[in-house]
Amino acid sequence: MGFLDRKYYIVLSLVKFRDNLGSGQGGFALLMVLFVVALLTILVTAFGSDTFSFVKRNRASTDSLEAEYAAQSGLALALSTLELPDDPSLPVRPWQILNSLPSLPIPGFAGELRAQIFDEGGKINLNSILSPQSGFSQIGAAGGIPPGSSIVGGDEQSATGSSPQNDISDFWKFAVAELFSNLGGGQGGSSLGRDSKRYAGSVSRDIVTLGGVVFSPQQQVAVLHDWIDSDVQAFSANNFPARGIEGSGNAAWFMNRPLSSLDELARVPGFTNEFLQRLSPYVRVGSSSDFRVNVNTAPPLVLQIIGFSQGEIRALLEKRAVQWLTAEELGALVQGAVNLSKITTVSSSNFKVIIRASSVSVTRWLEADCMVQSGFGRRIATVRKLRFY
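The notes below deal with the structure included here. Every value quoted in this text rests on a predicted model; they were computed, and no experiment measured them.

**Regarding a nonpolar patch on the surface**
Now for step 1: Taken together, the side chains of Leu-30, Leu-31 and Leu-34 define a hydrophobic patch exposed on the protein surface, amounting to about 300 Å² of accessible area.
Now for step 2: Along the chain, the position of Leu-34 falls in helix H2 (residues 26-82).

**Concerning the side chain of Arg-278**
Now for step 1: Looking at the secondary structure, you find Arg-278 in helix H6 (residues 273-279).
Now for step 2: A polar contact of 2.5 Å, which involves the side chain of Arg-278, links it to the side chain of Glu-274.

**Let's talk about the pairing of strand E1 (residues 112-119)**
Now for step 1: Burial of E1 is one-sided: the residues Leu-113, Ala-115, Ile-117 and Asp-119 facing one way are buried, the residues Glu-112, Arg-114, Gln-116 and Phe-118 facing the other way are not.
Now for step 2: In the sheet, E1 pairs with strand E8 (residues 350-358) via 8 bridges, with the strands oriented antiparallel. Paired with Leu-113 across the two strands is Ala-357, which belongs to E8.

**Some points on the packing of aromatic side chains**
Now for step 1: Taken as a whole and judged by the stated rule, the model has 8 aromatic pairs.
Now for step 2: Ring geometry for Phe-180 versus Phe-275: centroids 5.8 Å apart, planes at 70 degrees, classification edge-to-face. On the criterion of sequence distance, the pair formed by Phe-180 in helix H4 (residues 168-183) and Phe-275 in helix H6 is long-range, its members being 95 residues apart. Each of the two residues, Phe-180 as well as Phe-275, counts as buried.
Now for step 3: Each residue in the set Trp-95, Trp-324 and Phe-351 is aromatic and connected to the rest through ring pairs, giving one cluster.

**Some details on H4**
Count 3.6 residues to each turn of an α-helix, and residues three or four apart come out pointing the same way.
Now for step 1: Counted at 1.5 Å a residue, the expected span for H4 with its 16 residues is 22 Å, and the 23 Å between its end C-alpha atoms agrees.
Now for step 2: The buried fraction of H4 amounts to 16 of the 16 residues, a majority that puts the element mostly inside the structure.

**Brief notes about the environment of Gln-233**
Now for step 1: Here Gln-233 lies in the loop between helix H5 (217-228) and H6.
Now for step 2: On the basis of relative accessibility, which here comes to 52%, the residue Gln-233 falls in the exposed class.

**A look at the nonpolar core**
Now for step 1: Ranked by internal contacts, the top residues of the largest apolar core, which has 54 residues, are Trp-172, Leu-179, Leu-279, Ile-306 and Phe-308.
Now for step 2: Here this core takes 10 residues from H4, the largest share from any one element.
Now for step 3: Not counting residues up to four positions away in its chain, the partners in contact with Leu-179 are Ile-124, Leu-279, Tyr-282, Val-283, Leu-301 and Ile-305.
Now for step 4: Core analysis: the next-biggest nonpolar cluster, separate from the first, contains 25 residues, Leu-79, Leu-366, Ala-368 and Ala-381 among them.

**Structural notes on the sheet that holds E1**
Now for step 1: Spatially, 4 strands are ordered E1-E8-E9-E10 in an open sheet, and the strand pairing comes out antiparallel. With partners counted over all chains shown, the strands left at the sheet margins are E1 and strand E10 (378-388), one partner each. The average angle at which neighbouring strand axes cross in this sheet is 25 degrees, direction not considered.
Now for step 2: With 9 bridges connecting them, E8 and strand E9 (residues 363-375) associate as antiparallel partners. When the bridges of E9 are listed, Lys-352 appears paired with Asp-369.

**A word on helix H8 (residues 310-322)**
Now for step 1: For H8, which comprises 13 residues, the first-to-last C-alpha distance of 19 Å matches the rise-based estimate of 18 Å (1.5 Å per residue) to within 8%.
Now for step 2: Ile-313, Leu-316 and Arg-320 are the residues of H8 that are buried. For H8, the angular spread of buried residues about the axis comes to 65 degrees, placing them on one side. Residues of H8 that are exposed and point over 90 degrees away from its buried face: Arg-314, Glu-318, Ala-321 and Val-322.
Now for step 3: Taken together, the buried residues of H8 touch helix H7 (300-306) and helix H9 (327-333).

**Topic: the pattern of salt bridges**
For side chains bearing opposite charge, pairing can occur when the charged atoms are close.
Now for step 1: Tallied over the full model, the rule gives 15 salt bridges.
Now for step 2: Salt-bridge contacts for Asp-369 lead to Lys-352; the nearest nitrogen and oxygen are separated by 2.8 Å. Of this pair, Asp-369 sits in strand E9 while Lys-352 sits in strand E8, placing them 17 residues apart in sequence. As far as the burial class goes, Asp-369 and Lys-352 line up, both buried.
Now for step 3: Linked through salt bridges whose partners overlap, the residues forming this network are Lys-352, Glu-367, Asp-369 and Arg-387.

The rules behind these values
Residues numbered from 1 in each chain as written. Predicted model: local features only at pLDDT ≥ 70, side-chain atom pairs only at ≥ 80, totals over all residues. Heavy atoms only, no water. Patch = residues over 30% accessible without salt bridge, like charges linked within 9 Å, V, L, I, M, F, W, Y side chains within 5 Å. Areas by Shrake-Rupley, 256 points an atom, 1.4 Å probe, with all protein chains shown as cover. Salt bridge = Lys/Arg side-chain N within 4 Å of Asp/Glu carboxyl O. Helix = DSSP H or I, 4+ residues; strand = E, 2+ residues; numbered from the N terminus. Polar contact = N/O pair within 3.5 Å; in protein donor to acceptor, adjacent residues only side chain to side chain. Buried < 20%, exposed > 50% of the residue type's maximum accessible area, 1.4 Å probe, protein only. Pairing = 2+ DSSP bridges. Phe/Tyr/Trp six-rings, centres within 6.5 Å; stacked < 30°, edge-to-face > 60°. Expected span 1.5 Å × (residues − 1). Core = buried A, V, L, I, M, F, W, Y, C linked by side-chain atoms within 4.5 Å. Contact = heavy atoms within 4.5 Å. Axes fitted to C-alpha atoms, helices over the stretch in contact; angles between N-to-C directions. Arc of directions from axis to C-beta.

Right, dumping it as structure tokens:
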């Protein structure tokens, strides 16, 4: 029965009700009319509710799709900005200017679009603990000497008198262990305003997981090494005092490949979400051969750990606040420091791009890990990993 048919039926019922008032059938007709009116009210209400829900779902779907496409447009703009050549006369890079914009100008998008680009080159690459490269001087020894100003020059003997080794991965093992020592055990990150206690063979601050697993900073590095190396044996080295646990663990637990994201650290014993939050501003993941640290964006704690003195750090921070260091200026700064000259740089190839696209009813986030390389006379930016949420 159509809507008009229903109206016609109601009118006939009312007429019949009028004609039958005197015949004693008026009460029944009245009940029928009330029933039909109530039924029509329910049908109209349900139809209106379904229509409203459909419009609302369609609007949310349209807004979500629009925000996703806008976020992709923002990523394309960010990649184009990363490919622009640096101007040494300017105190900032082109991508830093993009970060300051309140909203990106994307034609046809009525919402708000923001982009943030982060230089990851100033962080320590955790996969560098696997990087075998010879020719590195006095990185550390079995006595547990971490990297620092006392060994940066590359001419001193270790505290135990043991002979030096020259694998760059050992330098980064000690560096990462010292970073863990500064951040682990429920302690906040150290600041340059105080002297941080260096780990030298004894547990300075333990790293405790929710499962009750406790590792000293150096053993935590050994456990991490087990997770990302290619063999199935527990890590052990003459030049590093800690030993891994792979030989005694379930083989299915170990990835046996380099880290592809920091999220994978949550699978390694000794790492909690709280500790990873404190660690993330100082570390990244990448190729094990990509171990250089960009001194123009490195946090002060990273500069301290890789061997810069307090005075050098203060001077470097003051300099890069006005204008970034050039390769020549960095060379003069690390002159005579053999190790520092091999692990530092003034540029980066790794960036993280975060896009927020907010439409009328939906907000979408895009996170991209990007690499910038030079080739054919220009810079080329590519996306290595893309995540929507």
